[in-house]
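Architecture and fold: a report
Here is what each chain is made of, one letter per residue.
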Amino acid sequence: MLSFLLNPLYVHALPTEEFADVSIVFSWLVFFNVILSYGMETAYFRFFNTETDKKNVFSTSIISLFWSAMAFLVLALLYRDKLASWGNINVEYVTYTIWILVLDALVIIPFSKLRAEKRPLYYAVVKIGSVVVNLSLNLFFLLALPKLATNNPDGIFNTFYYPDFQVGYIFVSNLIASLATFIVLSPDYFKLHWKFDWSLWRKMMTYGFPILLAGLAFAINEHFDKILLEKLNVPKSDIGAYAACYKIGMFMVLFRTAYTLGIEPFFFSHASNENAQQTYATITKYFVIFGSFICLFVIVFIDLIKQVLVPQEAYWEAIKVVPLIVIANFFLGIYTNLSVWYKLIDKTKIGAYISIIGALVTLALNYLLIPEFSYYGSAVATIAAYGTMMVISYRMGQKKYPIPYDMSKILGYLAVSIVFSAVSFYIPYLRENYFLKVALLAFFLYFIYHNEKATLLRIVKRRS
């Protein structure tokens, strides 16, 4: 959600070239986030549900991440000049990013503990608090501080106001928010008995290592395009426009992320139930229903949404990639559902292989398409990668851990949503005619009701 709130601010405050710089640095940040967590979050959920000594699982996980984060901090600060040169990034931004990464790594297990113990309210309060701090500081540094410093030349605000430091203020805001989050969750460290189980740790690392590989592959699929666009000499103004419009696809990412946060612990806790496979099949179908509607809704109203999220015409050239990004993230959400089978049978390495295949598709198509089609080639590569992963996971899963998915309905909702989305966006007459586009949306809702009427009526009767 933070991306929705900050995107208009960054578009307003930064030229496209500087927006590109922020996007590229955050792309690198995602890679190192994956490395510093090295699959321990998912491993924690797995062993929390299978081990009897849950405190042992917690202490082993958090101690592992603590010392690896400290080692990274020392090495990264020692070699930050080389890192800055290698990534073509300002060394000051690299320093901020190192501290952000370390603080975020230190709260991975405390957050996971809240999820595993089913404490969503406290989890939400801390997460939302972090967002509020980050957003408030961004608003202060980028909007309020310049005016306060200008209106009070001799005032205190001039002591920390730098006119050309907008990108730096963005990283300072993130750093303070990460520090505040760590302080709130730090009691877990003070209550820790610092008991480390080497045998359990080896099992957790064996389970988590393939997830690390999958995470790196995911980072390539999701974020490496911004880095490659720069390396392949695409103008930074184009990269900035692409990165800003890419954020509109975050509607689907938000839905997918909120869903994933709750569903991963649910999958593990229901694995031993007699009707687990049928439950997973039903959940997947309704994920596709909601996702299909969100996909169509965003694309139907895309020209209104861009006025709010990307409020500068200089960025709108890249709006043509948004339908592809929305559908690509939808495919990734479906893949998340389909990937439950290899986590439940402790074959996480299969997930790594599938993600690596997706990453290879991403890299190959980016190198092939960017020189000819610029960022549009990156969008095509993203949808191809996630589509490939989705199909492979389904085919393999049905052999290893059969789940009775209602494929006729799933494919029906998916196909109708994609066709309606393409028609409403790429046909100029329809794109400008909201009466017809809303009619398409209404027809799709009726299509859902017609197919799911029996289930909906059962729910209504049960509630009454």
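The structure contained in this document is the topic of the report that follows. The residue count restarts for each chain, going from 1 along the sequence in the order it is written. This being a predicted model, a pLDDT of at least 70 is required before a residue's local features are given, and a value of 80 or more before pairs of side-chain atoms are given or counted; all residues contribute to the totals for chains, interfaces and linings. Calculated side-chain values reflect all of the structure's heavy atoms, with hydrogen atoms and water omitted.

1. Topic: the overall build of the protein chain
Numbering goes from the N terminus for both helices and strands, where a helix is a DSSP run of H or I of at least four residues and a strand is a run of E of at least two. Helix and strand content of the protein chain: 22 helices and zero strands. Computation of the radius of gyration draws on C-alpha atoms alone. For the globule rule, the value is 2.2 Å times the number of residues to the power 0.38. For a compact globule of 464 residues, the expected C-alpha radius of gyration is about 23 Å, and the protein chain comes in at 23 Å, within 12% of that figure. Expressed as lengths along the three principal axes of its C-alpha atoms, the size of the protein chain is roughly 70 × 65 × 50 Å. A 1.4 Å probe rolled over the protein chains alone gives each residue an accessible area, and that area as a share of the maximum for its type sets the label: buried under 20%, exposed over 50%, partly exposed in between. Looking at the 464 residues of the protein chain, the share that counts as buried comes to 52%.

2. A few points about a positive patch on the surface
The patches reported here contain residues having more than 30% relative accessible area and no salt bridge. Joining distances are 9 Å for like charges and 5 Å for nonpolar side chains (Val, Leu, Ile, Met, Phe, Trp, Tyr). For the area figures, the Shrake-Rupley method with a 1.4 Å probe applies, and any residue is considered shielded solely by the protein chains shown. Criterion for a salt bridge: a side-chain nitrogen of Lys or Arg within 4 Å of a carboxyl oxygen of Asp or Glu. Here Asp and Glu are counted as negative and Lys and Arg as positive; His is not counted, and neither are the chain ends. Each charge is placed at NZ for Lys, CZ for Arg, CG for Asp and CD for Glu. Together, Lys347, Lys349, Arg395, Lys399 and Lys400 give the surface a local cluster of positive charge. Residue contributions to the positive patch peak at three residues, all from helix α19 (residues 375-400). Assignment of secondary structure puts Lys399 in helix α19.

3. Concerning unusual backbone geometry
Residue Tyr38 is not a glycine yet carries a positive backbone phi of 35°. Among the secondary structure elements, Tyr38 is positioned in the loop between α2 (16-37) and α3 (40-50).

4. Some points on the environment of Tyr367
Examined against the element boundaries, Tyr367 turns out to sit in helix α18 (residues 348-373). When the C-alpha positions of Tyr367 and Ser378 are compared, they lie 8.9 Å apart, and in sequence the two are eleven residues distant.

5. Brief notes about empty space enclosed by the protein
Only protein atoms enter the calculation, which uses a 1 Å grid: trapped sets of points that fit a 1.4 Å probe without letting it out are cavities, open sets showing protein on both sides within 12 Å along at least five of seven lines are pockets, and any residue with an atom within 4 Å of a point is a lining residue. Grid points are joined across faces, edges and corners, and a volume is the space filled by probe spheres set on the points. For the structure on display, the rule yields two cavities of 30 Å³ or more. Volume-wise, the largest cavity comes out at about 190 Å³. Lining the largest cavity we find 13 residues, and of these Trp28, Phe32, Leu83, Ile89 and Val94 sit closest to its centre. At the level of elements, α2, α5 (80-87) and α6 (91-106) are the ones that each hand at least two residues to the lining of the largest cavity. When grouped by side-chain class, the residues that make up the lining of the largest cavity number eleven nonpolar, two polar and no charged. Following the grouping adopted for this structure description, the nonpolar residues are Ala, Val, Leu, Ile, Met, Phe, Trp, Tyr, Cys and Pro, the charged ones are Asp, Glu, Lys and Arg, and the polar ones are all others, Gly among them.

6. Thoughts on α18
With 26 residues, α18 ought to run about 38 Å at 1.5 Å a step, and its terminal C-alpha atoms sit 35 Å apart, in line with that. In this scheme, the bend at a residue equals the angle between the axes fitted to the seven residues that finish there and the seven that begin there. The sharpest bend along α18 comes to roughly 30°, located at Asn366. Residues are treated as being in contact if the distance between any of their heavy atoms lies within 4.5 Å. Against the buried residues of α18 lie α11 (198-231), α16 (322-338), α17 (340-344) and α19. A positive backbone phi angle near 55° is found at Ser374, which sits one or two residues after α18. Helix span is expected to be 1.5 Å times the residue number reduced by one.

7. A short note on the pattern of salt bridges
One pass over the structure, following the stated rule, counts eleven salt bridges. A salt bridge links Glu317 to Lys320, with the shortest nitrogen-to-oxygen separation between them at 3.8 Å. What makes Glu317 exposed here is its relative accessible area of 54%. Accessibility expressed as a relative area gives 33% for Lys320, which makes it partly exposed. Each member of the salt-bridge network shares a partner with another, and the members are Asp21, Glu230 and Lys236.

8. So, the side chain of Ser178
Position of Ser178 among the secondary structure elements: in helix α9 (residues 166-185). On the accessibility criterion, Ser178 (9% relative accessible area) is buried. Among residues more than four places away in sequence, those in contact with Ser178 are Ile100, Leu103 and Asp104.

9. What about the packing of α16 against α19?
What describes two packed helices is the angle between their axes and the distance between those same axes. Helix axes use the C-alpha atoms of the stretch in contact, all axes being lines fitted to C-alpha atoms, and the angles between their N-to-C directions lie in the range 0 to 180 degrees. Look at α16 against α19: their axes get within 8 Å of each other, and the N-to-C directions meet at 20°. The orientation of α16 with respect to α19, classified from their angle, is roughly parallel. Crossing angle aside, the handedness with which α16 passes α19 is left-handed. Across from Leu324, Ile325, Ile327, Ala328, Phe331, Leu332, Ile334, Tyr335 and Leu338 in α16, the residues of α19 making contact are Tyr376, Ala379, Val380, Thr382, Ile383, Tyr386, Gly387, Met389, Met390, Ser393 and Tyr394. Residue classes in the contact of α16 with α19 are distributed as 17 nonpolar, three polar and no charged. In what follows, roughly perpendicular refers to angles from 65 to 115 degrees, roughly parallel to angles under 35, roughly antiparallel to angles over 145, and oblique to any angle outside these ranges. Should the near helix be turned counterclockwise from the far one by less than a right angle, the crossing is left-handed, whereas a clockwise turn marks it as right-handed.

10. Things to note about the layout of surface pockets
Of the pockets and cavities examined, the second largest pocket occupies roughly 430 Å³. Together, 21 residues line the second largest pocket, and Phe58, Lys113, Glu117, Asp188 and Lys191 are the ones closest to its centre. At the level of elements, α3, α4 (54-78), α7 (108-116), α9 and α10 (187-190) are the ones that each hand at least two residues to the lining of the second largest pocket. When residues in the lining of the second largest pocket are grouped by element, the largest group, five residues, is from α4. Looking at the lining of the second largest pocket residue by residue, the class counts come to nine nonpolar, three polar and nine charged.

11. So, the environment of Asp21
By the secondary structure assignment, Asp21 is in helix α2. Each C-alpha atom, one on Asp21 and one on Ile89, is 8.1 Å from the other, the two residues being 68 residues apart in sequence. Here a polar contact means two N or O atoms within 3.5 Å. Within protein one must be a hydrogen donor candidate and the other an acceptor candidate, and residues neighboring in sequence count only if both atoms are side-chain atoms. A polar contact of 2.4 Å, which involves the side chain of Asp21, links it to the side chain of Lys236.

12. A few points about the packing of aromatic side chains
When two rings of Phe, Tyr or Trp (its six-membered ring) have centres within 6.5 Å they constitute a pair, described as stacked for plane angles under 30 degrees, edge-to-face for angles over 60, and tilted for the intermediate range. Applying the stated criterion to the full structure yields 38 aromatic pairs. On the basis of an interplanar angle of 70° and a centroid distance of 5.7 Å, the ring pair of Phe19 and Tyr315 is categorised as edge-to-face. Remark: Tyr315 occurs in the loop between α15 (302-309) and α16 and Phe19 occurs in helix α2; sequence separation between them is 296 residues. Each member of the pair, Phe19 as well as Tyr315, is classed as buried. Ring centres of Phe165 and Tyr169 lie 5.0 Å apart, and the angle between their planes is 85°; this geometry places the pair in the edge-to-face category.

13. Notes on a nonpolar patch on the surface
A cluster of nonpolar side chains, contributed by Phe443, Tyr446, Tyr449, Leu456 and Ile459, occupies part of the molecular surface with about 480 Å² of accessible area. Following the sequence through the fold, Ile459 ends up in helix α22 (residues 434-463). On the basis of relative accessibility, which here comes to 33%, the residue Ile459 falls in the partly exposed class.

14. Things to note about α3
When you tally the buried positions in α3, you get eight out of eleven residues, the bulk of the element. Burial in α3 covers these residues: Met40, Thr42, Ala43, Tyr44, Phe45, Arg46, Phe47 and Phe48.

Distances and angles like these do not, on their own, reveal function.
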